[in-house]
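Results of the structural survey
Below, each chain spelled out in residue letters.
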Protein chains: 2
Amino acid sequence: MKEIQSSKNTLIKETKKLQQKKYRQQTQSYLLEGFHLIQEAQAAGVVLKEVFISQRGLNEWSAWIEENLAEYYLVSDEVLKSLASQPAPQGMIAVAEMPQKETLNFSGAWLLLDNVQDPGNVGTMIRTADAAGFSGVILGQGSADLYNPKTLRSTQGSLYHLKISNQDLAEIIPQFQHAGSPVFGTALDKEAKEYLTAAKMENFALVMGNEGQGMSPELLALTDQNLYITIKGQAESLNVAIAAGVLMFHLLK
Amino acid sequence: MKEIQSSKNTLIKETKKLQQKKYRQQTQSYLLEGFHLIQEAQAAGVVLKEVFISQRGLNEWSAWIEENLAEYYLVSDEVLKSLASQPAPQGMIAVAEMPQKETLNFSGAWLLLDNVQDPGNVGTMIRTADAAGFSGVILGQGSADLYNPKTLRSTQGSLYHLKISNQDLAEIIPQFQHAGSPVFGTALDKEAKEYLTAAKMENFALVMGNEGQGMSPELLALTDQNLYITIKGQAESLNVAIAAGVLMFHLLK
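Residues numbered from 1 in each chain as written. Chains lettered and ligands numbered in written order. Predicted model: local features only at pLDDT ≥ 70, side-chain atom pairs only at ≥ 80, totals over all residues. Heavy atoms only, no water.

Residue and element names in this part refer to chain B. The interhelical angle for the contact between helix 7 (residues 119-132) and helix 11 (residues 240-251), taken along N-to-C directions, is 15°, at an axis separation of 9 Å. The pairing of helix 7 with helix 11 is recorded here as roughly parallel in orientation. Between helix 7 and helix 11 lies a crossing whose hand is right-handed. Only Val-240, Ala-241, Ala-244, Gly-245, Met-248 and Phe-249 of helix 11 make contact with helix 7, whose side of the interface consists of Asn-121, Thr-124, Met-125, Thr-128, Ala-129, Ala-131 and Ala-132. Taken together, the residues that form the contact of helix 7 with helix 11 break down as 9 nonpolar, 4 polar and no charged. (Axes fitted to C-alpha atoms, helices over the stretch in contact; angles between N-to-C directions. Helix = DSSP H or I, 4+ residues; strand = E, 2+ residues; numbered from the N terminus. Parallel < 35°, antiparallel > 145°, perpendicular 65-115°, else oblique. Left-handed = near helix turned anticlockwise from the far one by under 90°. Contact = heavy atoms within 4.5 Å. Nonpolar A, V, L, I, M, F, W, Y, C, P; charged D, E, K, R; others polar.)

Have a look at this one:
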């Protein structure tokens, strides 16, 4: 255990740079805020390069810290605050290593995100995909960064429970189809069908689109079938994460 | 049309107080930010006591303004910003009058919120209830304020499409039952049943609970049947707005 009292410490200043996506990509590492996410990451075998803990955090999670951390930094509240995205950080912040790229396998149910921009929506959809029993989530171009603090927080740790991959959806959709998994888009065009008429199945991909524009026409043209949810009231649309939840729970057998 | 250039103007200073719940309740009025919400309010017959518009807003929505507003204030960007909850206000902010309290009728499907604290969740659930064809939403004690800017924004205007009422749920649940509508709670207790085994129906109430603690034991004891959603993956729970969406779309005939 080492102590850091000042947010002007070199390691702290370097670590703080991970608040920016550019530095996360350069270093292939990211910040995890709060005990729950850090605990989930550790349990999933994620390498924690550095862990910063306040005195309060040390008191609260001493048993876990002793059992799981070979090394950590005891830091002042000011230091912890300087690393956090939220006004009241939860006593512990870690630097985690991004996973190696793995080859995808296309079995099971997959959620594909086409330009879903809100980090809260992306995180919530990952959490919902986990709860619905999906195998993985593919983040297409334009979608919010998985390692944005708000995305991470909204996943509630589910990013460590299923496969998550960044891919060009125009390339990946044909690969699902080649592997025998139908790909469902979401749209309101006249060839789309009401989701309740779609049979439950085990192997498929479901594509959700941008909050305002929906799916891109290029991707809609690649799907096997497009689905819609009938809106009964006067709402113009559903929040994309809500629509994804309704569809995922309906479609997966 | 009158002009206001300074955020120190008395009317602006008074209006700014509506950012606080206390003043909203005292004056029975609230702030609406952005053209879309204001347009929805006006179309629903809500009284707009004051409307503040920037030059950019005036250019963009001149036809609507001419047709719908007898009077408005042209304000500087600085003034608009001082009234807004968001860093980049959308050109128009209005002071709207809260509706008179109406007597409730218990027919149709109703969503009851027990201590749901996040304004985004409450707003999204109102939007989803609208889309699912629900008749209304009842905000129980401890739930986020309907007139919080984040709640309003998340409703996307759906607050004007169905009935919304603040009530003590312990008093209102027996009234649904007396009117012949079963009341479903959400819980993981051993007498709860998997939602997919529940029949679709037209008249009922569904209660969703707090983000962390779920429904209060007192209310769970009052319901006719409690439901749960089977979690298939390793997620500990679903976001409450997602769970509400899955249940609402499944239950309403």
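We now examine the interface of chain B and chain A. If you look at the interface, chain B gives 30 residues, while chain A gives 30 residues. In total, about 2,300 Å² of surface goes out of reach between chain B and chain A, with carbon and sulfur atoms giving 56% of it. Sorting the residues of chain B by area buried against chain A places Arg-127, Ile-242 and Phe-249 of chain B first, and these three jointly supply 23% of that buried surface. At the boundary of chain B and chain A, one finds 0 salt bridges. The tally of links between chain B and chain A comes to 12 residue pairs in polar contact (both at pLDDT 80 or more). When residues of the side of chain B that touches chain A are traced back to their parent elements, those giving at least two are helix 3 (35-43), helix 7 and helix 11 of chain B. In terms of residue count, helix 7 of chain B provides more of the side of chain B that touches chain A than any other element does, 6 residues in total. (Buried area = accessible area lost by both parts, 1.4 Å probe. Salt bridge = Lys/Arg side-chain N within 4 Å of Asp/Glu carboxyl O. Polar contact = N/O pair within 3.5 Å; in protein donor to acceptor, adjacent residues only side chain to side chain.)

Here the UniProt-annotated "domain: RNA 2-O ribose methyltransferase substrate binding" (unreviewed entry) positions come out as residues 31-102 of chain A. From the first C-alpha to the last, residues 31-102 of chain A spans 22 Å; its make-up is 40% helix and 25% strand. (UniProt positions renumbered as here; feature names shortened; annotations may be inferred.)

With that out of the way, let us pick up the sheet that holds strand 11 (residues 204-208) of chain B. Residue and element names in this part refer to chain B. Read from one edge to the other, the open sheet built from 7 strands follows the order 8-7-6-11-9-12-10, with strand pairing classed as parallel. Each end of this open sheet is capped by a strand with a single partner; those strands are strand 8 (163-166) and strand 10 (193-194). Two elements, strand 6 (residues 109-113) and strand 7 (residues 136-139), share 4 bridges in a ladder whose sense is parallel. Of the residues in strand 7, the one forming a bridge with Trp-110 is Gly-136. Packed on one face of the sheet, helix 9 (residues 169-178) meets strand 6, strand 7, strand 9 (183-186) and strand 11 and runs near 160° to strand 6. Against the sheet, helix 11 engages strand 6, strand 9, strand 11 and strand 12 (225-228), with an angle of about 165° to strand 11. (Pairing = 2+ DSSP bridges.)

With that out of the way, let us pick up a positive patch on the surface. Taken together, the side chains of Lys-150 and Arg-153 of chain A together with Lys-150 and Arg-153 of chain B define a basic patch exposed on the protein surface. Contributing elements (two or more residues each) for the positive patch: helix 8 (149-155) of chain A together with helix 8 (149-155) of chain B. As for its placement among the helices and strands, Lys-150 of chain B is situated in helix 8. (Patch = residues over 30% accessible without salt bridge, like charges linked within 9 Å, V, L, I, M, F, W, Y side chains within 5 Å. Areas by Shrake-Rupley, 256 points an atom, 1.4 Å probe, with all protein chains shown as cover. Lys, Arg positive; Asp, Glu negative; His and termini not counted. Charge placed at Lys NZ, Arg CZ, Asp CG, Glu CD.)

This brings us to the environment of Phe-106 of chain B. In this structure, Phe-106 of chain B sits in the loop between strand 5 (92-97) and strand 6. Taking C-alpha positions, Phe-106 of chain B is 32 Å from Ile-231 of chain B, a pair spaced 125 residues apart along the chain.

Attention now moves to the pattern of salt bridges. Residue and element names in this part refer to chain B. Counting across every chain of the model gives 6 salt bridges over all chains. Between Lys-2 and Glu-71 there is a salt bridge, with its nearest N and O atoms 4.0 Å apart. On the criterion of sequence distance, the pair formed by Lys-2 in strand 1 (residues 2-4) and Glu-71 in the loop between helix 5 (62-68) and strand 4 (73-75) is long-range, its members being 69 residues apart. By relative accessible area, Glu-71 is classed as exposed at 52%. (Buried < 20%, exposed > 50% of the residue type's maximum accessible area, 1.4 Å probe, protein only.)

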